[in-house]
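Examining the three-dimensional arrangement
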Amino acid sequence: MGRTMTVQGGRSLYGTVEVPAAKNSVLPLLAASLLCGGPVRLEQVPRLSDVEDCLGILRAVGCGAAWEGEDVVVSGPPSCCRMPLAETARMRASVLFAAPLLARLGRVETALPGGCRIGARPVDWHLAALEQMGAQITQAGDRLVLTAPWGLRGTEICLPGPSVGATETVLLAGCTARGETILHGAAREPEICDLAQFLNRCGGKVQGAGTDEIHIQGVGALHGATYRPMPDRICASTLACAVAAARGWITIAGCSPSLYGPVLDVLEQAGCTVSRTAGSATVGRMGSLQGAGRLVTGGYPALATDAAPLVAAALLFGEGTTVLEDRVFEARFGCAEGFAAMGAQVKVEGRTLRIRGGRPLRGAAVTACDLRGGAALVVAALGAQGKTRIAGCEYIARGYASLGEMLTGLGARIE
């Protein structure tokens, strides 16, 4: 049975909340731990269903992977090249485990990765990069088989576009490949920099992360390390949008505002008060909101695609029009059906969501159909009148360890 959440709207939010470690950083770091010859400890990891699936993959391929308090410890070399079907099929990030397993064992068998239904997310770019580095790829039934009989070798790779996942795959493959890998057209997201910093902490030689050209000098082996992943900028964005929808005044601590600056800029433009320090942002809304005009998502440092539904949920309460175009995924706004059920005037046209905001919303029965869209329904419910029952909250659990508890601590009423 799917998880449900009931939100009593109309309650303002007040207080301070600490941002947890980033899901979008933790998952590639767990994949990277396969490359390390010694134990890896990741500190203060949120207990997400996606993290549990990653630990399941690590155990299935022969590693030790366990919780020690709030930390995750991964130890022991992989001994099995066959990735488990269930975890792989549930999670898009499972594709990141292919490169390190291929580097360590010379062979990996995996299913096509799953994830949220937000549009086509082909793994072609990942596979093409690995082929350029010497991998041979065949399909056997519902599984992909990758082999590298002579190991992976460094080469020059040009990505067709700035894919975060494909950039991470090249980093993971290049770290222990023979020679140097030069990646052109790399994604520049902060999570890429976090992965590169971890790899370098373990003895890797990665330069240029955060730019569109990354140089990776292969080394013989990596060692273990203790590492604290970066804070979750999408969780911080969720909290900022929540107070914009519900009214109130909250401080979002433990995450640099620069990591989610475009979200704060939009909310400020719409009528919120925003103050920034090096490690926190205080966001308040007491009066009315205004529509934000036309907004477009893109690769970092543009407005993040993951933040688009959250911003949309907040701007449902803004007088006037907002037009949000997502240029990353073609089905990003599945949450629009839930918005409409609450009384919002919204329309999806291809990759674009049109909002005529300012209408009062009312509680309704809605269903989350993906991770960020589910969180967006929670944001909208906080500003609606009456109770909203949200089904499908197992999607939300993929990226938020305790969203309900976090918001309840700020004054929300959530069951």
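These figures come from a predicted structure and were not determined experimentally. Every chain begins its residue count from 1, and numbering advances along the sequence as written. Local features in a predicted model are, by the rule used here, given only for residues with pLDDT of at least 70; side-chain atom pairs are given and counted only at 80 or more, and totals for whole chains, interfaces and linings are based on all residues. Heavy atoms from the whole structure form the basis of all side-chain values; hydrogens and water molecules are not counted.

Numbering goes from the N terminus for both helices and strands, where a helix is a DSSP run of H or I of at least four residues and a strand is a run of E of at least two. Regarding its fold elements, the chain presents 13 helices and 24 strands. Dimensions of the chain, computed from C-alpha atoms along their principal axes, come out at roughly 65 × 45 × 40 Å. Per-residue burial for the chain yields a buried fraction of 58% across its 415 residues. The contact definition used throughout considers only heavy atoms, calling two residues in contact when any of these lie within 4.5 Å. Of the contacts formed within the chain by residues at least 6 apart in sequence, a portion of 72% connects residues at least 24 apart. Surface accessibility of the chain: about 15,300 Å² in total, with carbon and sulfur atoms responsible for 50%. Under the convention used here, Asp and Glu are negative, Lys and Arg are positive, and both His and the chain ends fall outside the count. Each charge is placed at NZ for Lys, CZ for Arg, CG for Asp and CD for Glu. The averaged location of the 35 negative side-chain charges in the chain is 4 Å from the averaged location of its 38 positive side-chain charges. Summary of the burial criterion: residues with accessible area below 20% of their type's maximum are buried, those above 50% are exposed, and those between are partly exposed, where the area comes from a 1.4 Å probe applied to protein chains only. Only the protein chains shown count as cover for residues, and all accessible areas are computed by the Shrake-Rupley method using a 1.4 Å probe.

So, on to unusual backbone geometry. In this chain, Tyr-300 is followed by Pro-301 through a cis amide linkage whose omega measures 15°. Among the secondary structure elements, Pro-301 is positioned in the loop between strand 18 (293–296) and helix 10 (308–315). Of note, the phi angle at Gln-44 is positive, near 55°, even though the residue is not glycine. Its place among the elements puts Gln-44 in the loop between strand 3 (40–42) and helix 2 (49–60).

So, on to the sheet that holds strand 1 (residues 4–8). The 4 strands are arranged 22-23-1-24 in an open sheet whose pairing can be described as mixed. Looking at which strands have only one partner, the edges of the open sheet turn out to be strand 22 (365–367) and strand 24 (413–414). Where strand 1 lies against strand 23 (residues 387–391), 5 bridges are found, and the strand directions are antiparallel. Its bridge partner being in strand 23, Gln-8 is matched across the sheet by Lys-387. Strands qualify as paired when DSSP identifies two bridges or more between them.

Our focus in this paragraph is a negative patch on the surface. Within this analysis, patches are made of residues with over 30% relative accessible area and no salt bridge. Like charges are joined at 9 Å or less; nonpolar side chains (Val, Leu, Ile, Met, Phe, Trp, Tyr) at 5 Å or less. Definition used for salt bridges: Asp or Glu carboxyl oxygen within 4 Å of a side-chain nitrogen of Lys or Arg. A cluster of acidic residues, Glu-156, Glu-180, Asp-212 and Glu-213, forms a negative patch on the protein surface. Examined against the element boundaries, Glu-213 turns out to sit in strand 12 (residues 213–217). The exposure class assigned to Glu-213 is partly exposed, which follows from its relative accessible area of 33%.

The next subject is the packing of aromatic side chains. Under the pairing criterion, centres of Phe, Tyr and Trp rings, with the six-membered ring standing for Trp, must be within 6.5 Å; the plane angle then separates stacked pairs below 30 degrees from edge-to-face pairs above 60, leaving the rest tilted. Applying the stated rule across the entire model yields 1 aromatic pair. Geometrically, the ring pair formed by Phe-198 and Tyr-227 is edge-to-face, given 5.5 Å between the ring centres and 70° between the ring planes. You can see Phe-198 sitting in helix 7 (residues 190–201) and its partner Tyr-227 sitting in strand 13 (residues 225–227), a full 29 residues away along the chain. Given a relative accessible area of 0%, Phe-198 falls into the buried group. With relative accessibility at 2%, the residue Tyr-227 sits in the buried group.

On to the sheet that holds strand 3. One open sheet accounts for 4 strands, arranged 4-5-3-13; its pairing is mixed. Two strands bound the open sheet, and with one partner strand each, they are strand 4 (64–68) and strand 13. Each strand of the sheet is rotated relative to its neighbour by a mean of 15°, with strand direction disregarded. Note that strand 3 and strand 5 (residues 71–75) share 3 bridges and pair antiparallel. Among the inter-strand pairings, Val-40 is bridged to a residue of strand 5, identified as Val-74. Note on definitions: angles span 0 to 180 degrees between N-to-C directions of axes, and those axes are lines fitted to C-alpha atoms, for helices only across the stretch in contact. Running at roughly 170° to strand 3, helix 1 (residues 23–32) makes contact with strand 3, strand 5 and strand 13 of the sheet.

One way to put it is that helix 1 packs onto helix 2 with a least axis distance of 10 Å and a crossing angle of 0°. By the criterion of interaxial angle, the relationship of helix 1 to helix 2 is roughly parallel. Of the residues in helix 2, those touching helix 1 at Lys-23, Val-26, Leu-27 and Leu-30 are Asp-50, Val-51, Cys-54, Leu-55 and Leu-58. Any residue outside Ala, Val, Leu, Ile, Met, Phe, Trp, Tyr, Cys, Pro, Asp, Glu, Lys and Arg is labelled polar, Gly included; the first ten of those are nonpolar and the last four are charged. Partitioned by chemical class, the residues of the contact of helix 1 with helix 2 number 7 nonpolar, no polar and 2 charged. Note on angle classes: values under 35 degrees are labelled roughly parallel, values over 145 roughly antiparallel, values of 65 to 115 roughly perpendicular, and the remainder oblique.

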